[in-house]
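# Report on the structure
As a plain string of letters, each chain reads:
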Amino acid sequence: MKRVLGLYSKNSQHGVFPEDFLFGSASAAYQVEGYSKADGKGPSIWDDLVENHLDLVLDHRSADSGPDSYKFYKDDVRVLKEMGMQMYRFSIAWSRIMPDGDLSSLNEAGLQYYSNLIDELLANDIIPIVTMYHWDHPRNIQKLGGPLNPLFVDYFREYARVLFERFGDRVKYWITINEPSIFCTYSYTTEDWGAAINVTGGEYYCAHHLLIAHATVYRMYRNEFYSKQGGKVGLSLHSRGYLPKNPDSSSDREAARIGFLTDLGWTAHAIFSITGGYPSVLEKFVAEKSKREGRAWSRLPQMSLDTVKLLRGSADFLGLNYYTSRLVEMDPNPFNGKAFILNDTRIIQSRAAHWPRAKSEWLYSAPEGFRELLRWIKKEYNNPDVIITENGWSDDGQLDDIERIEYLKRHLKEILGAIQQDGCNVKGHTTWSILDNFEWMQGFTEKFGIVSWDEESPRRERRPKKSASFLRQVIRTRQIPQ
């Protein structure tokens, strides 16, 4: 490989991305692959939810009506190459290589598909960044409770072992878990998303076991595979940016601090902080609210000293998924609302009137919050290596996607400023997503892709959008065009 992620001179020219800052795009298996029953693939929790409750999907379409990357992966690699992309983050479908979730059902056809994709990327000088788990564990794992059950850690470890053994000679960057906070919050507190189980405290128990699963796999890699393979293992965590509603208010500034600690900190603190464990404010808030609810213990699991030690320092980089920000202030009624993570934070979130909104109702363009998040990570977590593993904008799918270009331009400027002015160790940017894909329960009504595809064509011909040309220019010149 000619490029090595994260090695660059800090003495780069002002206004120019460092020579070895890498650009890429991303996808997730369930959202782009299709062919949900092809070549021995087993059902995941998303197959079960969508097939049994298609009425819950906004446009009543399943992921099988998408861009068919399982069949046309070479076309995906081709458009990445044409854009000059230097890395591609994709996920492996656990149930495609282990239909029943464990070694007893190892599926060579599924393993061969991912081996072919990795080889195709390397042949085109594109670094594969592989996500092991992007929310789609097999049905049989869910029958045991999924991540609510501590047994999930054992199953995930053996799944990861297979990936290291089969692909570790070629894959040097691994992401164990994608966005545990988002997945757990929606999947185990509602009945219409993901695992579709609504149970009090579900988000906290799910995230607790996913963090342990991540750290267990990280330690296994360091002990058993690193000496021969020399790769890096991290995870992708989600966070909004948090800005005080009134910057002159000490109370609102405290609310922003709490926002970072209870959003990113919920899943990052145990791994990247010096002390380890959950943020003390989150432990305190959840414990007090749980007591008022009449519970015998906190909904937030307690970390044992052994668990704290296992998790602390268990990542070679922080994958950061950032989309949007919020203005915040302290909640005058902090104990109102149901038992739920967003009601445990004691802050009220709002948006600025001037922030543009995407097709997704939750997505507003606020790049200043992105910069604050990067600064906060540097200060709170001793400036770890950060790879932006998701950052993108949704619209109706138009090829002339000017709003997406403006969003990317403004956010890339903040990254450049964070590197050159703030000294943040940001090593790369990954646009979400390479293709218009199945956006979970929104179906295909919200388009995040920088590349469209022809729904009428049997070959699903890829059609790069204007944003693809914009990114090609950024990568070629290493500058953001005016």
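Preceding block: the structure.
Quick summary incoming for the structure in this document. (Residues numbered from 1 in each chain as written. Predicted model: local features only at pLDDT ≥ 70, side-chain atom pairs only at ≥ 80, totals over all residues. Heavy atoms only, no water.)

On to the pattern of salt bridges, then. Summed over all chains, the structure comprises 35 salt bridges. Close ionic contact of Arg-460 with Asp-68 constitutes a salt bridge, the shortest N to O distance being 4.0 Å. Highlighted residues: Arg-460 in the loop between β12 (451–453) and β13 (462–464) and Asp-68 in the loop between α2 (45–52) and α3 (69–83), separated in sequence by 392 residues. Per residue, the accessibility class of Arg-460 equals that of Asp-68, and both read buried. With its nearest N and O atoms 3.0 Å apart, the salt bridge here joins Arg-157 to Asp-154. In this pair, Arg-157 and Asp-154 are both assigned in helix α7 (residues 152–167), three residues apart and thus about one turn of the helix distant. On the basis of relative accessibility, which here comes to 24%, the residue Arg-157 falls in the partly exposed class. The exposure class assigned to Asp-154 is partly exposed, which follows from its relative accessible area of 32%. (Salt bridge = Lys/Arg side-chain N within 4 Å of Asp/Glu carboxyl O. Helix = DSSP H or I, 4+ residues; strand = E, 2+ residues; numbered from the N terminus. Buried < 20%, exposed > 50% of the residue type's maximum accessible area, 1.4 Å probe, protein only.)

Looking now at the nonpolar core. Side chains that are nonpolar tend, in soluble globular proteins, to be buried together. Counting 148 residues, the largest nonpolar core has Trp-46, Phe-156, Phe-164, Trp-174, Phe-183 and Ile-415 as its most contacted members. Examining the composition of this core, we find that 12 residues originate from one element, helix α9 (residues 202–224), more than from any other. Setting aside chain neighbours within four positions, we find Phe-183 in contact with Ile-45, Tyr-133, Trp-135, His-137, Pro-147, Tyr-188, Trp-193, Cys-206 and Leu-210. The next biggest cluster of nonpolar side chains, apart from the first, holds eight residues, and it includes Leu-22, Ile-129, Tyr-173 and Ile-175. (Core = buried A, V, L, I, M, F, W, Y, C linked by side-chain atoms within 4.5 Å. Contact = heavy atoms within 4.5 Å.)

Turning our attention to the side chain of Lys-465. With respect to the helices, strands and loops of the structure, Lys-465 is situated in the loop between β13 and α17 (466–477). With relative accessibility at 1%, the residue Lys-465 sits in the buried group. A distance of 2.8 Å separates a polar atom in the side chain of Lys-465 from a polar atom in the side chain of Asp-436. Those residues in contact with Lys-465 that lie beyond four places of it in its chain are Asp-395, Gly-397, Gln-398, Leu-399, Asp-401, Arg-404, Asp-436, Lys-447, Gly-449, Ile-450, Val-451 and Ser-452. (Polar contact = N/O pair within 3.5 Å; in protein donor to acceptor, adjacent residues only side chain to side chain.)

Counting buried positions along α2 gives six out of eight residues, so the element sits mostly inside the fold. Within α2, burial applies to Ile-45, Trp-46, Asp-47, Asp-48, Leu-49 and Val-50. Residues of α2 that are buried make contact with α1 (29–32), α6 (139–143) and α8 (180–187).

Let's shift gears to α8. Buried residues dominate α8, accounting for seven of its eight residues. Taken together, the buried residues of α8 touch α2, β3 (127–133), β4 (173–178), α9, β5 (232–238) and α12 (264–272).

Without other data, these values stay purely geometric and don't point to any function.
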